[in-house]
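# Summary of the model geometry
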Amino acid sequence: SAVLPIATVGEKILAQHAQAVTVFDVSIQSLADDMLTTMLAANGVGIAAPQVFSSAAMFIMASRPNPRYPDAPNMRPVVVINPRILETSTQMELAEEGCLSIPDQRVKIWRHAQIKVQYHDLNGNLISDILVGFVARIFQHEFDHIQGITLLERSN
Ligand SMILES: O=C(CSC(=O)[C@H](Cc1ccccc1)CC(F)(F)F)c1ccccc1
Ligand SMILES: [Zn+2]
(Lines give C-alpha, C1' and ligand atoms only; values in the text may rest on other atoms or scores of the structure.)
(Ligands and ions follow the chains in the order given, each with its own letter.)
Protein backbone atom coordinates (compact mmCIF):
# COMPACT_ATOMS: atom_id res chain seq x y z
CA SER A 1 0.00 0.00 0.00
CA ALA A 2 1.23 3.45 -0.95
CA VAL A 3 0.72 6.98 0.32
CA LEU A 4 -0.62 8.76 -2.76
CA PRO A 5 -0.35 12.48 -3.55
CA ILE A 6 -3.48 14.40 -2.54
CA ALA A 7 -5.02 16.82 -5.05
CA THR A 8 -5.43 20.30 -3.59
CA VAL A 9 -8.11 22.80 -4.53
CA GLY A 10 -7.57 24.15 -8.04
CA GLU A 11 -6.80 20.70 -9.48
CA LYS A 12 -9.46 20.10 -12.14
CA ILE A 13 -10.05 16.49 -11.07
CA LEU A 14 -11.70 17.84 -7.88
CA ALA A 15 -14.33 19.59 -10.03
CA GLN A 16 -15.11 16.57 -12.19
CA HIS A 17 -17.93 14.04 -11.75
CA ALA A 18 -16.39 10.66 -10.88
CA GLN A 19 -17.13 7.58 -13.00
CA ALA A 20 -19.16 4.62 -11.73
CA VAL A 21 -17.18 1.50 -10.81
CA THR A 22 -18.32 -1.45 -12.93
CA VAL A 23 -15.57 -4.03 -12.36
CA PHE A 24 -14.86 -5.10 -8.75
CA ASP A 25 -11.39 -6.42 -9.45
CA VAL A 26 -7.95 -6.29 -7.85
CA SER A 27 -7.30 -2.78 -9.21
CA ILE A 28 -10.23 -1.39 -7.20
CA GLN A 29 -9.07 -3.30 -4.12
CA SER A 30 -5.57 -1.90 -4.46
CA LEU A 31 -6.89 1.65 -4.98
CA ALA A 32 -9.00 1.28 -1.81
CA ASP A 33 -5.92 0.06 0.07
CA ASP A 34 -3.82 3.03 -1.10
CA MET A 35 -6.67 5.44 -0.26
CA LEU A 36 -6.86 4.02 3.27
CA THR A 37 -3.08 4.35 3.73
CA THR A 38 -3.17 7.90 2.38
CA MET A 39 -6.13 8.89 4.59
CA LEU A 40 -4.48 7.48 7.72
CA ALA A 41 -1.18 9.19 6.91
CA ALA A 42 -3.06 12.50 6.56
CA ASN A 43 -5.02 11.86 9.78
CA GLY A 44 -8.34 12.17 7.99
CA VAL A 45 -11.74 10.63 8.72
CA GLY A 46 -12.51 10.13 5.04
CA ILE A 47 -11.07 10.38 1.55
CA ALA A 48 -12.55 10.19 -1.98
CA ALA A 49 -10.88 8.73 -5.09
CA PRO A 50 -10.76 12.06 -6.98
CA GLN A 51 -8.63 13.43 -4.13
CA VAL A 52 -5.92 10.94 -5.10
CA PHE A 53 -6.34 11.73 -8.82
CA SER A 54 -8.57 8.75 -9.60
CA SER A 55 -11.94 9.61 -11.13
CA ALA A 56 -13.76 6.60 -9.63
CA ALA A 57 -17.03 6.86 -7.67
CA MET A 58 -15.51 5.50 -4.49
CA PHE A 59 -14.59 6.82 -1.05
CA ILE A 60 -13.59 5.69 2.43
CA MET A 61 -15.21 6.90 5.65
CA ALA A 62 -13.62 6.24 9.02
CA SER A 63 -15.18 8.18 11.87
CA ARG A 64 -13.28 8.39 15.14
CA PRO A 65 -13.65 10.61 18.19
CA ASN A 66 -11.64 13.82 17.80
CA PRO A 67 -11.42 17.23 19.52
CA ARG A 68 -14.05 18.70 17.19
CA TYR A 69 -16.46 15.72 17.44
CA PRO A 70 -15.68 14.09 20.79
CA ASP A 71 -18.81 11.89 20.64
CA ALA A 72 -18.11 10.63 17.12
CA PRO A 73 -18.27 6.82 16.92
CA ASN A 74 -15.09 4.79 16.56
CA MET A 75 -15.74 2.89 13.32
CA ARG A 76 -13.70 0.51 11.19
CA PRO A 77 -12.98 2.16 7.81
CA VAL A 78 -15.79 1.53 5.31
CA VAL A 79 -15.19 1.41 1.53
CA VAL A 80 -18.16 2.98 -0.28
CA ILE A 81 -18.51 2.34 -4.05
CA ASN A 82 -21.12 3.91 -6.39
CA PRO A 83 -22.79 5.80 -3.51
CA ARG A 84 -26.41 6.95 -3.70
CA ILE A 85 -28.34 9.09 -1.21
CA LEU A 86 -31.94 7.79 -1.33
CA GLU A 87 -33.57 9.93 1.39
CA THR A 88 -32.55 12.96 3.43
CA SER A 89 -33.98 14.31 6.71
CA THR A 90 -35.45 17.82 6.73
CA GLN A 91 -33.51 18.37 9.96
CA MET A 92 -30.12 19.94 9.24
CA GLU A 93 -27.05 20.37 11.49
CA LEU A 94 -24.32 23.00 11.25
CA ALA A 95 -20.75 21.95 12.07
CA GLU A 96 -17.16 22.68 11.09
CA GLU A 97 -15.55 20.48 8.46
CA GLY A 98 -12.02 20.17 7.19
CA CYS A 99 -10.82 18.81 3.84
CA LEU A 100 -7.53 17.15 2.98
CA SER A 101 -7.66 18.99 -0.35
CA ILE A 102 -8.11 22.39 1.31
CA PRO A 103 -5.34 22.43 3.90
CA ASP A 104 -5.56 24.59 7.02
CA GLN A 105 -9.19 25.62 6.45
CA ARG A 106 -12.23 24.86 8.58
CA VAL A 107 -15.63 25.69 7.12
CA LYS A 108 -19.04 25.60 8.85
CA ILE A 109 -21.38 23.52 6.69
CA TRP A 110 -25.08 22.64 6.96
CA ARG A 111 -25.70 18.90 6.42
CA HIS A 112 -28.74 16.61 6.69
CA ALA A 113 -28.87 15.13 10.20
CA GLN A 114 -29.94 11.70 8.83
CA ILE A 115 -29.65 10.09 5.39
CA LYS A 116 -30.69 6.78 3.82
CA VAL A 117 -27.85 5.58 1.58
CA GLN A 118 -27.11 2.74 -0.82
CA TYR A 119 -23.68 1.68 -2.13
CA HIS A 120 -21.61 -1.32 -3.19
CA ASP A 121 -18.89 -2.84 -1.03
CA LEU A 122 -15.54 -4.08 -2.39
CA ASN A 123 -17.13 -7.43 -3.32
CA GLY A 124 -19.85 -5.71 -5.34
CA ASN A 125 -22.57 -6.43 -2.75
CA LEU A 126 -25.31 -3.80 -2.54
CA ILE A 127 -25.51 -2.24 0.95
CA SER A 128 -28.38 -0.09 2.26
CA ASP A 129 -27.92 1.89 5.47
CA ILE A 130 -29.28 4.78 7.48
CA LEU A 131 -26.59 7.17 8.74
CA VAL A 132 -26.85 9.86 11.41
CA GLY A 133 -24.61 12.52 12.97
CA PHE A 134 -20.91 12.68 12.19
CA VAL A 135 -20.92 9.56 10.00
CA ALA A 136 -23.79 11.03 7.92
CA ARG A 137 -21.72 14.19 7.67
CA ILE A 138 -18.63 12.37 6.40
CA PHE A 139 -20.74 10.47 3.83
CA GLN A 140 -22.24 13.76 2.54
CA HIS A 141 -18.79 15.40 2.41
CA GLU A 142 -17.29 12.49 0.43
CA PHE A 143 -20.41 12.19 -1.76
CA ASP A 144 -19.87 15.85 -2.71
CA HIS A 145 -16.32 14.97 -3.85
CA ILE A 146 -17.75 12.29 -6.17
CA GLN A 147 -19.95 15.02 -7.71
CA GLY A 148 -17.00 17.41 -8.06
CA ILE A 149 -18.14 19.63 -5.15
CA THR A 150 -15.81 20.83 -2.36
CA LEU A 151 -16.35 22.83 0.86
CA LEU A 152 -15.54 26.05 -1.02
CA GLU A 153 -18.64 25.63 -3.18
CA ARG A 154 -20.75 24.91 -0.10
CA SER A 155 -19.56 27.48 2.42
CA ASN A 156 -22.33 29.88 3.48
O1 LIG B 1 -8.54 17.25 10.08
C2 LIG B 1 -9.42 16.57 9.65
C3 LIG B 1 -9.24 16.12 8.25
S4 LIG B 1 -10.49 16.67 7.17
C5 LIG B 1 -11.18 15.16 6.80
O6 LIG B 1 -10.91 14.16 7.43
C7 LIG B 1 -12.09 15.11 5.60
C8 LIG B 1 -13.40 14.44 5.91
C9 LIG B 1 -14.33 15.16 6.81
C10 LIG B 1 -13.91 15.86 7.96
C11 LIG B 1 -14.85 16.50 8.76
C12 LIG B 1 -16.21 16.43 8.44
C13 LIG B 1 -16.62 15.72 7.32
C14 LIG B 1 -15.68 15.09 6.52
C15 LIG B 1 -11.35 14.25 4.61
C16 LIG B 1 -11.53 14.62 3.17
F17 LIG B 1 -11.23 15.91 2.99
F18 LIG B 1 -10.73 13.90 2.45
F19 LIG B 1 -12.78 14.44 2.79
C20 LIG B 1 -10.58 16.32 10.52
C21 LIG B 1 -10.64 15.17 11.26
C22 LIG B 1 -11.72 14.97 12.10
C23 LIG B 1 -12.74 15.92 12.18
C24 LIG B 1 -12.65 17.06 11.41
C25 LIG B 1 -11.57 17.26 10.56
ZN1 LIG C 1 -12.93 16.88 1.38
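Residues numbered from 1 in each chain as written. Chains lettered and ligands numbered in written order. Predicted model: local features only at pLDDT ≥ 70, side-chain atom pairs only at ≥ 80, totals over all residues. Heavy atoms only, no water.

### Re the environment of Ser101
Within the fold, Ser101 resides in the loop between β4 (92-97) and β5 (107-112). Placed 13 residues apart in sequence, Ser101 and Gln114 show a C-alpha to C-alpha distance of 25 Å. Side chain to side chain, Ser101 and Gln51 meet in a polar contact 3.0 Å long. (Helix = DSSP H or I, 4+ residues; strand = E, 2+ residues; numbered from the N terminus. Polar contact = N/O pair within 3.5 Å; in protein donor to acceptor, adjacent residues only side chain to side chain.)

### As for the coordination of the zinc ion (ligand 2)
Surrounding the zinc ion (ligand 2) are the protein donor atoms Cys99 (SG), His141 (NE2) and His145 (NE2), at 2.0 to 2.3 Å. For the zinc ion (ligand 2), the donor residues sit on a single chain with the sequence spacing C-x41-H-x3-H. With Cys99 in the loop between β4 and β5 and His141 in helix α2 (residues 133-146), this pair connects stretches of sequence that are 42 residues apart. Accessibility classification places Cys99 together with His141 in one group, the buried group. (Donors = N, O, S within 2.8 Å, 3.2 Å for Na, K, Ca; no water. Buried < 20%, exposed > 50% of the residue type's maximum accessible area, 1.4 Å probe, protein only.)

### With respect to a nonpolar patch on the surface
On the surface, Met92, Leu94 and Trp110 cluster together into a nonpolar patch covering about 280 Å² of accessible area. Judged by its relative accessible area of 43%, Trp110 falls in the partly exposed class. (Patch = residues over 30% accessible without salt bridge, like charges linked within 9 Å, V, L, I, M, F, W, Y side chains within 5 Å. Areas by Shrake-Rupley, 256 points an atom, 1.4 Å probe, with all protein chains shown as cover. Salt bridge = Lys/Arg side-chain N within 4 Å of Asp/Glu carboxyl O.)

### Focus on the packing of aromatic side chains
If you walk through the whole model with that rule in mind, you get four aromatic pairs. Pairing Phe59 with Phe139 gives two aromatic rings, centres 5.1 Å apart and planes at 85°, and the pair type is edge-to-face. Placement of Phe59 in strand β2 (residues 58-61) and of Phe139 in helix α2 is noted, with a sequence separation of 80 residues between them. In terms of burial, Phe59 and Phe139 fall into one category: buried. Judged by centre distance (3.9 Å) and plane angle (25°), the rings of Tyr69 and Phe134 are stacked. Placement of the pair is Tyr69 in the loop between β2 and β3 (78-88) and Phe134 in helix α2, with a sequence separation of 65 residues. (Phe/Tyr/Trp six-rings, centres within 6.5 Å; stacked < 30°, edge-to-face > 60°.)

### Remarks on the side chain of Arg137
Along the chain, Arg137 falls in helix α2. In this structure the side chain of Arg137 is engaged in a polar contact, spanning 2.8 Å, whose partner is the backbone oxygen of Glu93. If we skip the residues at most four places from it in the chain, Arg137 touches Tyr69, Glu93, Leu94, Ala95, Glu97, Ile109 and Arg111. (Contact = heavy atoms within 4.5 Å.)

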